[in-house]
Amino acid sequence: MDQRILLIEDDAHLARLIGLALGKEGYQVTIQGNGTLGLETAEKEQPDLVVLDIMLPGLDGWEVCRRIKASSNIPVLILTARVTEDDVLKGFSCGADDYLRKPFSLAELRARIASLLRRSATPERSAREPSVLTNLDLVLDVTRHQVHKRGQPLGLTPKEYRLLSYFLRNPGRLLTYEELLTQVWGPEHKDQSVYLRVYVRYLRQKLGDDPNHPTYITNVRGEGYRFREP
């Protein structure tokens, strides 16, 4: 395994433990204890994944995540003791791909990292699937990873893109919360309903979809969501 992980964590003891654990899994781990230096390292080395604390000297983790995502699709896993819904919303608005609460087990951290790396390396479609998905005025170009509405680009984050892509592949079908979480985030997230609520909200905003009178995404209370048929 030659995948490279950048760990940005100012707790030297915790960083060392994580670094040793990931090193035993075969990852190449670089550690930075400062947000500014961590961002510089991410931009220079372009790691396969960033594990990021929030409370950092220099730039805080929110800003580091925002700047990484502004110029790359590097998966970012946030580590923090701050896990209110507002904190989760803020992390996702910065482009974070996953969120792990401190204290955590190293086994769970390894599983989350493996899932993110696997998903970032997995092609979005097989050769049998269409290269373009359409529904009403939406056009999703699978090859280019672009989405347009009435000819205008929507500028989705990678996770928003994955969620919309799954909706477009399954129009008219009731998609349960567990199915969406498993397919878009991975089976280890099947109970993390806050992730789904947050991203459906973001996706609706970018689609211009009024949740009270939806055109695209309908909430089936207590069960899941349904994307309209073409």
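Parameters and conventions
Residues numbered from 1 in each chain as written. Predicted model: local features only at pLDDT ≥ 70, side-chain atom pairs only at ≥ 80, totals over all residues. Heavy atoms only, no water. Pairing = 2+ DSSP bridges. Helix = DSSP H or I, 4+ residues; strand = E, 2+ residues; numbered from the N terminus. Contact = heavy atoms within 4.5 Å. Axes fitted to C-alpha atoms, helices over the stretch in contact; angles between N-to-C directions. Buried < 20%, exposed > 50% of the residue type's maximum accessible area, 1.4 Å probe, protein only.

Caption draft 1: The sheet that holds strand β9 (residues 152-153), seen in detail. Sheet architecture is open: 4 strands sit in the order β6-β7-β8-β9, paired in antiparallel fashion. Bordering the open sheet on either side are β6 (132-135) and β9, each of which pairs with just one other strand. Here β6 runs beside strand β7 (residues 138-141); their pairing, made up of 4 bridges, is antiparallel. Each bridged residue has a counterpart across the sheet, and for L133 the counterpart in β7 is L140. Sitting on the sheet, helix α6 (residues 158-169) is in contact with β6, β7 and β8 (146-149), with an inclination near 110 degrees to β7.

Caption draft 2: Region of the structure containing unusual backbone geometry. Residue K102 is joined to P103 through a cis peptide bond whose omega torsion reads -5 degrees. Mapping P103 onto the fold places it in the loop between β5 (98-101) and α5 (106-121). A positive phi angle, close to 55 degrees, is found at L136, a residue other than glycine. Checked against the element boundaries, L136 lands in the loop between β6 and β7. Taking relative accessible area as the criterion, L136 reaches 48% and is therefore assigned partly exposed.

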